[in-house]
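# Descriptive analysis of the structure
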Amino acid sequence: YQAILTRVCSECTLSTQSYPFPLTATETQMVDVGVALIMVMLISMSYAFIPTSFVSLVVTERESRIKHQHIMAGLSTTHYWLANLGFDLCVFMLPCVGGALLTYLILDDAVLLNAVALLLFVAFGVAIISLTYLLSFLFSNAQTAQAILGRIYELSAFLFLIIGLMLDQFVANGDGGGNFYIDALLFGFRLFPNYAFGEALFNVTMHRLFGEHSMQTLLQWNVLGRNMCFLCVGSVVHLLCIVCVEQIRFNAK
């Protein structure tokens, strides 16, 4: 068209301007959900690597008889595990506090979100660290334990999270007749702390985008309460199982 116009009038030029239509409310909501899902998966995946470093020291101390020397010196197994849990939880909380500070600098309602996030991070830290200690009894090599647990935590933080969120939408919308099996599968997924943590983050993010921002609403069962219960109860079960395993191993010797 510019060449034809130039032949008619050499001084004339042709220019076009295009302005896309603004996004509809549905499209904006889809974009927000996609961004939230990607953010939650990245956060959940990043925190899946931290507990694998804790299992290496635990397995090394057991196989090199350092733990046995502590026990023979008078240290109880309860104090041994509580000391490890306290130290590892402090190390685990360092990136959590850093993330909370970034949230405070970026978001307007960061005070409430930081309180909820720190509560969730503490529950997740105790649950994932205690599960790591429990699973450490299955390994005799530190590198093998670190590699296998890392893959398990990555799968539960990424693949299980995607499948679980999709299945949860079927249950919420009432689609399909196999809701009992979906609920059973989601129950099994929530036994993994990484999945419960990721689902809780996603629920809080969705509630912040489309709901109220009060502490009471964030602690509702379908938002944060259910996953917090799984993390807290799981932590107690993991610690009790560790005590039972230690008693069985001690009596066997």
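Now for a quick tour of the structure. (Residues numbered from 1 in each chain as written. Predicted model: local features only at pLDDT ≥ 70, side-chain atom pairs only at ≥ 80, totals over all residues. Heavy atoms only, no water.)

### Considerations on the overall build of the protein chain
Along the protein chain, the regular secondary structure elements total 12 helices and zero strands. Ordered by position in the sequence, the α and β elements of the protein chain form the string α-α-α-α-α-α-α-α-α-α-α-α. With an accessible surface of roughly 15,000 Å², the protein chain has 69% of that area assigned to carbon and sulfur atoms. (Helix = DSSP H or I, 4+ residues; strand = E, 2+ residues; numbered from the N terminus. Areas by Shrake-Rupley, 256 points an atom, 1.4 Å probe, with all protein chains shown as cover.)

### Quick look at the pattern of salt bridges
What the rule picks out here adds up to four salt bridges. The salt bridge involving Glu 246 is made with Lys 67; its shortest N-O contact spans 2.3 Å. In this pair, Glu 246 is assigned in helix α12 (residues 221-252) and Lys 67 in helix α4 (residues 66-72), connecting sequence segments 179 residues apart. Residues Glu 246 and Lys 67 agree in their burial class; the two are buried. A salt bridge links Arg 151 to Glu 154; the nearest nitrogen and oxygen atoms lie 2.7 Å apart. With Arg 151 and Glu 154 both in helix α7 (residues 142-157), this residue pair falls three residues apart, about one helical turn. (Salt bridge = Lys/Arg side-chain N within 4 Å of Asp/Glu carboxyl O. Buried < 20%, exposed > 50% of the residue type's maximum accessible area, 1.4 Å probe, protein only.)

### Re the state of the cysteines
Evaluation of the coordinates by the stated rule reveals zero disulfides. Free cysteine Cys 232: the closest other cysteine sulfur is in Cys 229, separated by 6.8 Å. Judged by relative accessible area, which is 39%, Cys 232 ranks as partly exposed. Unpaired in this structure, Cys 244 has its nearest cysteine sulfur neighbour in Cys 241, at a distance of 6.2 Å. With relative accessibility at 45%, the residue Cys 244 sits in the partly exposed group. (Disulfide = S-S within 2.5 Å.)

### Some remarks on the environment of Leu 118
Inspection of the secondary structure assignment puts Leu 118 in helix α6 (residues 110-135). Residue classification places Leu 118 among the partly exposed residues on the basis of a relative accessible area of 32%. For the pair formed by Leu 118 and Met 93, sequence separation is 25 residues and the distance between their alpha carbons is 8.7 Å.

### Describing helix α9 (residues 179-190)
For α9, which comprises 12 residues, the first-to-last C-alpha distance of 16 Å matches the rise-based estimate of 16 Å (1.5 Å per residue) to within 8%. Within α9, burial applies to Ile 182, Leu 186, Phe 189 and Arg 190. Relative to the axis of α9, the buried residues are bounded by an arc of 95° and lie together on one face. Along α9, the residues that are exposed and aim more than 90 degrees away from the buried face are Phe 180 and Tyr 181. (Expected span 1.5 Å × (residues − 1). Arc of directions from axis to C-beta.)

### Some remarks on a nonpolar patch on the surface
Together, Leu 155, Phe 158, Leu 159, Ile 163 and Leu 185 make up a nonpolar patch on the protein surface, roughly 400 Å² of accessible area in all. By the element assignment, Leu 185 lies in helix α9. (Patch = residues over 30% accessible without salt bridge, like charges linked within 9 Å, V, L, I, M, F, W, Y side chains within 5 Å.)

### Describing the nonpolar core
Residues Tyr 47, Phe 92, Leu 120, Ile 129 and Leu 224 are the most contacted members of the largest nonpolar core, which totals 56 residues. With 12 residues, α6 is the largest single contributor of residues to this core. (Core = buried A, V, L, I, M, F, W, Y, C linked by side-chain atoms within 4.5 Å.)

### Considerations on the environment of Glu 154
For Glu 154, a relative accessible area of 17% corresponds to the buried category. A C-alpha to C-alpha distance of 8.8 Å links Glu 154 and Ser 46, two positions 108 residues apart in sequence. Of the polar contacts made by the side chain of Glu 154, one reaches the side chain of Arg 151; its length is 2.7 Å. (Polar contact = N/O pair within 3.5 Å; in protein donor to acceptor, adjacent residues only side chain to side chain.)

### Digging into unusual backbone geometry
Even without being a glycine, Arg 65 presents a positive backbone phi close to 70°. Mapped onto the secondary structure, Arg 65 falls in the loop between α3 (52-63) and α4.

By themselves, these figures tell us nothing about what the structure is for.
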